[in-house]
Amino acid sequence: IFDANEALRIGFVSRVSDRVMDDALALCQTIASLSPVAVYGTKRSLLYSRDHTVQEGLDHIALHNSLALMTHDIPTAIVSAKQKQKPNFEKMPKFAKL
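In what follows, the accompanying structure is described. Note that the structure is a prediction, hence the values are computed from the model and not measured.

## Looking at the pattern of salt bridges
Item 1. Taken as a whole, this structure holds 3 salt bridges when the rule is applied.
Item 2. Note that R9 is salt-bridged to E6, the shortest N-O span being 2.8 Å. One end of the pair, R9, and the other, E6, are both in helix α1 (residues 4-9), 3 residues apart, so they sit about a helical turn from each other.
Item 3. What makes R9 exposed here is its relative accessible area of 61%.
Item 4. In this structure, the salt-bridge partner of D23 is R19, at a minimum N-O distance of 3.1 Å.

## Overview of a nonpolar patch on the surface
Item 1. A cluster of nonpolar side chains, contributed by F2, L8, I10, F12, V13 and V16, occupies part of the molecular surface with about 520 Å² of accessible area.
Item 2. Inspection of the secondary structure assignment puts F2 in the segment before α1.

## Focus on the packing of helix α3 (residues 36-50) against helix α4 (residues 54-68)
Item 1. Running from amino to carboxyl end, α3 crosses α4 at an angle of 165°, the nearest separation of the two axes being 9 Å. The pairing of α3 with α4 is recorded here as roughly antiparallel in orientation. Where α3 crosses over α4, the handedness of that crossing is right-handed. Packed against α3, whose contacting residues are V37, G41, R44, S45, Y48 and S49, the element α4 presents E56, G57, H60, I61, H64 and A68 at the interface.
Item 2. Its residues assigned to classes, the contact of α3 with α4 shows 4 nonpolar, 6 polar and 2 charged.

## Side note on unusual backbone geometry
Item 1. Backbone geometry at K84 places phi at a positive 55°, although glycine is not the residue there.
Item 2. Looking at the element boundaries, K84 is found in the segment after α5 (73-82).

Definitions and cut-offs
- Residues numbered from 1 in each chain as written.
- Predicted model: local features only at pLDDT ≥ 70, side-chain atom pairs only at ≥ 80, totals over all residues.
- Heavy atoms only, no water.
- Salt bridge = Lys/Arg side-chain N within 4 Å of Asp/Glu carboxyl O.
- Helix = DSSP H or I, 4+ residues; strand = E, 2+ residues; numbered from the N terminus.
- Buried < 20%, exposed > 50% of the residue type's maximum accessible area, 1.4 Å probe, protein only.
- Patch = residues over 30% accessible without salt bridge, like charges linked within 9 Å, V, L, I, M, F, W, Y side chains within 5 Å.
- Areas by Shrake-Rupley, 256 points an atom, 1.4 Å probe, with all protein chains shown as cover.
- Axes fitted to C-alpha atoms, helices over the stretch in contact; angles between N-to-C directions.
- Parallel < 35°, antiparallel > 145°, perpendicular 65-115°, else oblique.
- Left-handed = near helix turned anticlockwise from the far one by under 90°.
- Contact = heavy atoms within 4.5 Å.
- Nonpolar A, V, L, I, M, F, W, Y, C, P; charged D, E, K, R; others polar.

Below is the structure:
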C-alpha cells in the first residue's frame, strides 16, 4: 500500500490534486465538450480491449474509426478549429437495444 505521492512517483497516477471535486468537474466539462462519437467510441474500445487481444483491440478501434469518419464530427471540429470557435457537435443517436 502506498500514499498519493508514491503513486505519482511510480506512475500509478498522472497527478495528485488538493481540489479533487473541482478538478473532477473540470475534467467532466472537458469530456462533455468533445465529440460524442469520439467519447463513446473511446469508452467502447477501452471496454472491448480489456477482454481481448491487442490485435482484436486494434481491429475494433479501426472499425470504429472508419465509422466515425462517416459522421459530421470531424468536419465540425475542423471548421471550428479554423474559425477558432468552440465546436457544436450533434447529439448521439439513440441505439436500438436488440
